[in-house]
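Understanding the architecture of this molecule
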Amino acid sequence: MATATPAHPVLALRGVSKRFGAVQALTDIELEVHTGEVVALVGDNGAGKSTLVKTIAGVNQPDAGVIEWEGHEVSIHRPQDAQHLGVATVYQDLALCDNLDVVGNLFLGRELKRFGVLDEVEMEKRSRTLLDTLSIRIPSVRIPIASLSGGQRQVVAIARSLIGSPKVVILDEPTAALGVEQTAQVLDLVERLRGQGLGVILISHNMADVMAVADRVAVLRLGRNNGVFERRSTTQEEIISAITGATDNAVTRRQARGTEGTQ
Amino acid sequence: MTDDPQAPKQEGRYEEGRAHHPLPEDSMPVGGVNAPVPVAPDATPAVDPRLIVRQEGIAGYLGEFRRRVSSGELGSLPVVLALIVIWAVFGSLNSSFLSAQNLSNLSQQIVGTGMIAIGVVFVLLLGEIDLSVGSVSGLCAAIFAVLDVTHGVNQWVALICAILSGTMIGLLHGFFFARVGVPAFVVTLAGNLGWNGLMLQVLGSSGTVNLSGKDIVSRLYSTIYGQQFAAYGLATAAVLLFLGAALLDTRRRRAAGVPYRPVTDIALRTAVLAIVAYLAAYTLNQYKGLPLALLVFLIFIVVLDFVLRRTSYGRQVFALGGNIEGARRAGINVPWIRMSVFMICSTMAAIGGLFLAAQIQSASQTSGGGNLLMNAIAAAVIGGTSLFGGRGSTWSALLGALVIGSILSGMNIQGLSNAFQFMITGAVLLAAVVIDSLARRTQKAAGRA
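Residues numbered from 1 in each chain as written. Chains lettered and ligands numbered in written order. Predicted model: local features only at pLDDT ≥ 70, side-chain atom pairs only at ≥ 80, totals over all residues. Heavy atoms only, no water.

Going by what an unreviewed UniProt entry lists, chain A is known as Sugar ABC transporter ATP-binding protein and is assigned to Streptomyces tateyamensis.

The following block contains the structure:
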């Protein structure tokens, strides 16, 4: 079996715990993300999804446990540390600047310069290439973000996370508040990220979205792992029962029929 | 791995399945909403069919113009209209208003307020306000006058001391705003009173320090280049610089395969600039010539406009005006940008104060008082810089200062009392802010804000 394991997962959490005052937000969390894989992170409100993401993104530091990056233990103290490693996070509120155009937003904080002056032409060229490779359709890269629709803003935010050539992209509820067509666009984009060999952590409450694009579904319940399901050998009902705790213990149930799942 | 049924086992089982048994679903889904959209490798970038594409030529220009106005992107349109109306009204009331002499004097008189307004533009871009610019300008003028005249310090040293005092004051404001977290208007309101007090202290018992008239600041203000060549040369240089930059940019864009301005577009813009520049040069030459103060003002505008639009510092200032949290997450040092903007604002206030002192040839207890603060902020807002942050340009300082200066000059010629002047200036400021608010509401409705 050991030979079947490929190189180290690009990102792995081993026994991560986080405590806020009297609240044990995370307890012994295990999570692995491989290259070219979409891991959905699901759980009810307060299950610890956001805390976990903030831990990976460097906003919070874990109290216990280790974060491994490509097999090596790393410490992430600040958001910049995570960015340098290659973790890009798209938060739910997108954090785009409405008054800047698409190019300005894509390159915000890492502008390309030529003789110390902004190289607008090169940035515009690269923006168009990036948006084209992701098949993102935007009226123009020179219009302010304010005139884009919600779905277009979401894909711009995701595209922005790719400017720094990350290896893992964390998407926090990317399809919340989007319509049918826009959700489809974002899910297409997630699949393209996977196709480009990125590891994707997708946080979502929408089971249909999760079942559509995820390779694995990691369930959190009350700050603990409550099973990691392969999308192909599980059902929506099984995941929901793990989320809500309707089963006594989803992990043991799966282990009981573990052999038949891999056949 | 062993067969020990521990939690990591789950991952191991998964990896095994992944490596040995590629499932049919490993290929992309072929139907439904999640099927990837096939894209030919050399397909032209798809343009959203709903997008309104501007036609080329004059007709396209007019259409674009109409669309922008109706969606609230007024830019400098209201201020240009206002300027035309003001000049028409005062010109018809008294022919001396539009004389070369009055317009030349006007171009010098607006410099002090205009310089302060440039600094205010920076602060407004952050969506903040600096209420201390009047007092700071008075204080820095007093520092220069006292050092130069009373203490006989070298005039250049005195000039640099005065300007650096402004920078330090801005640093102090910025520190309390960005690091301590006090609202900017409270910090600068306190500064307004405090720096005014310090100015009175610096001026001492006499209360007024007269400038010699031969010092560097006075000469900066009163020097006028009389040769015909100066004004026309400046106009020519400006037009050529604009044309050259536009053509160079278009060539680079064409080479890089990104959209570029058509040649007719550039020609039209250059022609408009040339008409304005040569008309101004002609008017100035009709009287005495090109005032040095105006030249310095224009240089400040152009350089700082370049900083705002073409450097990453300027981009960060705009980003802060648009979304502070977004800027922070993009790795921008928010406190530093805030402090530096307040430093720029107070520095510009100091420079403006020096020009104002040169204008009246003294630093007195009333320096930086009266309606100077209102005029400077009004100039920035009237010129088209939004009070809500993230939109504006240093050119609005010139346009706004022209409007304010024209009104004051016209009312002086008409012999209106201060009472009327204050009321009318107040009304103009209110009108400018109303236009800004309405434009923003229209922009929201049109999806542009």
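**Quick look at the packing of helix α4 (residues 100–125) of chain B against helix α16 (residues 395–414) of chain B**
Residues and elements named next belong to chain B. The geometry of α4 relative to α16 is characterised by a closest axis approach of 7 Å and an angle of 135 degrees between their N-to-C directions. It follows that α4 is oblique to α16 by the angle criterion. α4 and α16 meet at a crossing whose hand is right-handed. Contacts from Asn102, Leu106, Ile110, Gly114, Ala117, Ile118 and Val121 of α4 reach α16 at Ser396, Ala397, Leu398, Ala401, Leu402, Gly405, Ser406, Ser409 and Ile413. Here the contact of α4 with α16 is composed, by residue class, of 10 nonpolar, 6 polar and no charged. (Axes fitted to C-alpha atoms, helices over the stretch in contact; angles between N-to-C directions. Helix = DSSP H or I, 4+ residues; strand = E, 2+ residues; numbered from the N terminus. Parallel < 35°, antiparallel > 145°, perpendicular 65-115°, else oblique. Left-handed = near helix turned anticlockwise from the far one by under 90°. Contact = heavy atoms within 4.5 Å. Nonpolar A, V, L, I, M, F, W, Y, C, P; charged D, E, K, R; others polar.)

**So, the sheet that holds strand β1 (residues 11–20) of chain A**
All names here are of chain A. Taken in spatial order, the 4 strands of this open sheet run β2-β1-β4-β5, and their pairing is antiparallel. In the strand order of this sheet, the two ends are held by β2 (23–33) and β5 (72–74), each with one partner. Looking at each pair of strands side by side, their axes are set apart by 30 degrees on average, direction ignored. As paired elements, β1 and strand β4 (residues 64–69) share 5 bridges and run antiparallel to each other. If you follow Leu13 over to β4, its bridge partner there is Ile67. (Pairing = 2+ DSSP bridges.)

**Focus on the packing of aromatic side chains**
What the rule picks out here adds up to 3 aromatic pairs over all chains. Aromatic side chains Phe175(B) and Phe176(B) sit 5.6 Å apart centroid to centroid with 75 degrees between the ring planes, which places their arrangement in the edge-to-face category. Judged by relative accessible area, which is 40%, Phe175(B) ranks as partly exposed. Judged by its relative accessible area of 38%, Phe176(B) falls in the partly exposed class. With 5.3 Å between their ring centres and 55 degrees between their planes, Phe177(B) and Phe342(B) make a pair best called tilted. Here the residue Phe177(B) occupies a position in helix α6 (residues 155–180), and Phe342(B) occupies one in helix α14 (residues 334–360), the gap between them amounting to 165 residues. By relative accessible area, which is 7% here, Phe177(B) ends up buried. Its relative accessible area of 0% is what places Phe342(B) among the buried residues. The ring centre of Tyr91(A) lies 4.1 Å from the NZ or CZ of Arg329(B), which sits over that ring. (Phe/Tyr/Trp six-rings, centres within 6.5 Å; stacked < 30°, edge-to-face > 60°. Buried < 20%, exposed > 50% of the residue type's maximum accessible area, 1.4 Å probe, protein only. Lys NZ or Arg CZ within 6 Å of the ring centre and 35° of its normal.)

**Topic: the domain arrangement of chain A**
Residue and element names in this part refer to chain A. Taken domain by domain, chain A comprises domain 1 (7–86 + 166–245) and domain 2 (95–164). For the pair domain 1 and domain 2, the summed buried area comes to about 1100 Å², and 70% of that belongs to carbon and sulfur atoms. Where domain 1 meets domain 2, there are 0 salt bridges. Taken together, the links from domain 1 to domain 2 amount to 0 residue pairs in polar contact (both at pLDDT 80 or more). Those elements that place two or more of their residues in the side of domain 1 that touches domain 2 are β9 (168–172) and α6 (180–195). The biggest single contributor to the side of domain 1 that touches domain 2 is α6, with 5 residues. Class assignment of the residues belonging to the side of domain 1 that touches domain 2 gives a composition of 9 nonpolar, 2 polar and 1 charged. (Domains from an automatic or database assignment. Buried area = accessible area lost by both parts, 1.4 Å probe. Salt bridge = Lys/Arg side-chain N within 4 Å of Asp/Glu carboxyl O. Polar contact = N/O pair within 3.5 Å; in protein donor to acceptor, adjacent residues only side chain to side chain.)

**Considering the sheet that holds strand β11 (residues 216–221) of chain A**
All names here are of chain A. With mixed pairing, the 6 strands of this open sheet are ordered in space as β6-β9-β10-β3-β11-β12. Of all the strands in the sheet, the pair left with one neighbour each is β6 (87–90) and β12 (224–230). Adjacent strand axes in the sheet meet at a mean angle of 20 degrees, parallel and antiparallel pairs treated alike. Taken together, the 4 bridges between strand β3 (residues 37–42) and β11 define a ladder with parallel strand orientation. Note that in β11 the partner of Ala40 across the bridge is Val217. Together, β3, β9 and β10 (199–203) form the strand contacts of α6, whose direction differs from that of β3 by roughly 130 degrees.

**Looking at the state of the cysteines**
Residues and elements named next belong to chain B. All told, the structure shown has 0 disulfides over all chains when counted by the stated rule. Free cysteine: Cys161, not disulfide-bonded; nearest cysteine sulfur from Cys140 at 11 Å. Here Cys345 is not disulfide-linked; the sulfur of Cys140 is the nearest cysteine sulfur, at 11 Å. (Disulfide = S-S within 2.5 Å.)

**Some words on the pattern of salt bridges**
Here the structure, examined in full by the defined rule, presents 25 salt bridges over all chains. We note a salt bridge from Glu37(A) to Arg216(A), for which the minimum N-O separation is 2.9 Å. Within this pair, whereas Glu37(A) is found in strand β3, its partner Arg216(A) is found in strand β11, the two being separated by 179 residues in sequence. We note that Glu37(A), like Arg216(A), is buried. Between Glu120(A) and Arg310(B) there is a salt bridge, and its shortest N-O distance comes to 4.0 Å.

**Remarks on the nonpolar core**
Met115(B), Ile118(B) and Phe144(B) are the most contacted members of the largest nonpolar core, which totals 98 residues. With 14 residues, the top contributor of residues to this core is α4(B). Grouped together as the second largest cluster of nonpolar side chains are 51 residues, Ile136(A), Ile158(A), Leu193(A) and Phe229(A) included. (Core = buried A, V, L, I, M, F, W, Y, C linked by side-chain atoms within 4.5 Å.)

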